[in-house]
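Summary of the model geometry
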Amino acid sequence: MSARQRHIAHLHLHASLTEEQYGDIIELMSGVTPHVQAVPPNALQLDLTSALRYFDLSPYDIVQLAKLRLKALYGVDSSVGLASNRMLATMAADASAPDDTTWVQAEQVADWLYPRPVTALPGIGRTTAEMLSRYGLHTIGQIVDLPAGTLQRLLGAGPARLLAERARGHDPRPVLPSEPAAHLVADLALKRDCLDPVQHHRAVLGLADQIGQRLRGESQIAGRLTLTVRYADRSSTTRTRILPETTNHSPTLVTAALGLLTSLGLQRARVRAFMIRADNLLPAGNAYHQLSLDPNDARARAAEAAADRARQRFGAEAVRPAALAER
């Protein structure tokens, strides 16, 4: 075993956990290794590399110790993936049956990845998978065998390079200790009770855009949005949605928030206030962005970054969504 080889475990917890329980489990795992990263809402990752000498156990046996502690103290079963980096460990956990451990050792990575479907790689959405399928590319091995130039013609240089790296099992991200999910809140109390669905739409759009700006400003990404609507009679309704991928991209947040608003079916409800809460927060560098074949996505993100720079220089009102412009 190389002295520099990392051993990362991804634990998927088969339980619905409160925020307090999740925090307690992370604290418990810190007794195994100080390098514990939360992956809300029900998973976590451990870098076991420094724990090997302390426990004088194999990586597999340390994982069994962690699973035993989880079961004995909290009654929680887990599926575990063990590998040399975070991506492979996550994929191995996804491939594990409940209460099983899948260990992908360094010399097995290529053979283990080769027959797996390309959709098992992070960031491969339905659109990308369907396009690759049209060219007969169904497995990770077929991506590995494809000439780099051909893959670039299909996806573009950046996405092709990223996909090729993932297909070969490369992931340089470290396990970074973090607290259980924090949250950001944006709210709006209306000057008078509002019956107008158009104004409801504008209010939620503005709050979601504000959340996106704050997330990017703090270099964070969110995994879940919650919309709360308060009415004239002081009652309230709340809806929550897990995002397709953790993000700080305002259009994605706006789409999710407006979807929550639509699900409430307010019609002409007398609304007094709106609140959007973003939680399951992570550092922006800790998650994958799904590969996109749409050049408009890259342009939208570049425009968003330029707008953020303009706001930093000229103030928060320097750039606003067109739908929020005063009529």
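Check the entry above for the structure.
Throughout what follows, the structure given in this document is the object of discussion. (Residues numbered from 1 in each chain as written. Predicted model: local features only at pLDDT ≥ 70, side-chain atom pairs only at ≥ 80, totals over all residues. Heavy atoms only, no water.)

Here we come to helix 9 (residues 157-167). Turning to helix 9, its buried residues are Ala 160, Leu 163, Ala 164, Arg 166 and Ala 167. Burial along helix 9 is one-sided: seen end-on, the buried residues are contained in an arc of 165°. The inward-facing, buried residues of helix 9 contact helix 4 (86-94), helix 5 (109-113), helix 6 (126-134), helix 7 (140-145) and helix 8 (148-155). (Buried < 20%, exposed > 50% of the residue type's maximum accessible area, 1.4 Å probe, protein only. Helix = DSSP H or I, 4+ residues; strand = E, 2+ residues; numbered from the N terminus. Arc of directions from axis to C-beta. Contact = heavy atoms within 4.5 Å.)

With that out of the way, let us pick up the nonpolar core. The nonpolar side chains of a soluble globular protein tend to be buried with one another. With 30 residues, the main nonpolar core has Leu 225, Leu 227, Leu 266, Phe 274 and Ile 276 as its most contacted residues. At the level of elements, strand 6 (183-194), helix 10 (197-217), strand 7 (220-231), helix 11 (250-264) and strand 9 (271-279) are the ones that each hand at least two residues to this core. With eight residues, helix 11 is the single largest residue contributor to this core. Apart from the residues within four sequence positions on either side, Leu 225 is in contact with Arg 239, Thr 240, Arg 241, Leu 243, Leu 253, Ala 256, Ala 257, Leu 260, Ile 276, Arg 277 and Ala 278. (Core = buried A, V, L, I, M, F, W, Y, C linked by side-chain atoms within 4.5 Å.)

With that out of the way, let us pick up the side chain of Arg 86. Its place among the elements puts Arg 86 in helix 4. Polar contacts involving the side chain of Arg 86 include one to the main-chain carbonyl oxygen of Pro 174, which spans 3.3 Å. (Polar contact = N/O pair within 3.5 Å; in protein donor to acceptor, adjacent residues only side chain to side chain.)

On to the packing of helix 8 against helix 9, then. Direction vectors running N to C along helix 8 and helix 9 enclose 125°, while the axes themselves pass 7 Å from each other. It follows that helix 8 is oblique to helix 9 by the angle criterion. In this structure, helix 8 crosses over helix 9, and the sense of that crossing is right-handed. Where helix 8 abuts helix 9, its residues Leu 151, Gln 152 and Leu 155 lie against Ala 157, Pro 159, Ala 160, Leu 163 and Ala 164. Taken together, the residues of the contact of helix 8 with helix 9 sort by class into seven nonpolar, one polar and no charged. (Axes fitted to C-alpha atoms, helices over the stretch in contact; angles between N-to-C directions. Parallel < 35°, antiparallel > 145°, perpendicular 65-115°, else oblique. Left-handed = near helix turned anticlockwise from the far one by under 90°. Nonpolar A, V, L, I, M, F, W, Y, C, P; charged D, E, K, R; others polar.)

What follows covers the packing of helix 10 against helix 11. Close contact between helix 10 and helix 11 brings their axes to 8 Å; oriented N to C, the two are set at 145°. When you trace helix 10 past helix 11, the crossing you get is right-handed. Along the contact surface, helix 10 presents His 200, His 201, Val 204, Leu 205, Ala 208, Asp 209, Ile 211, Gly 212, Gln 213, Leu 215 and Arg 216, while helix 11 presents Ser 250, Leu 253, Val 254, Ala 257, Leu 258 and Leu 261.

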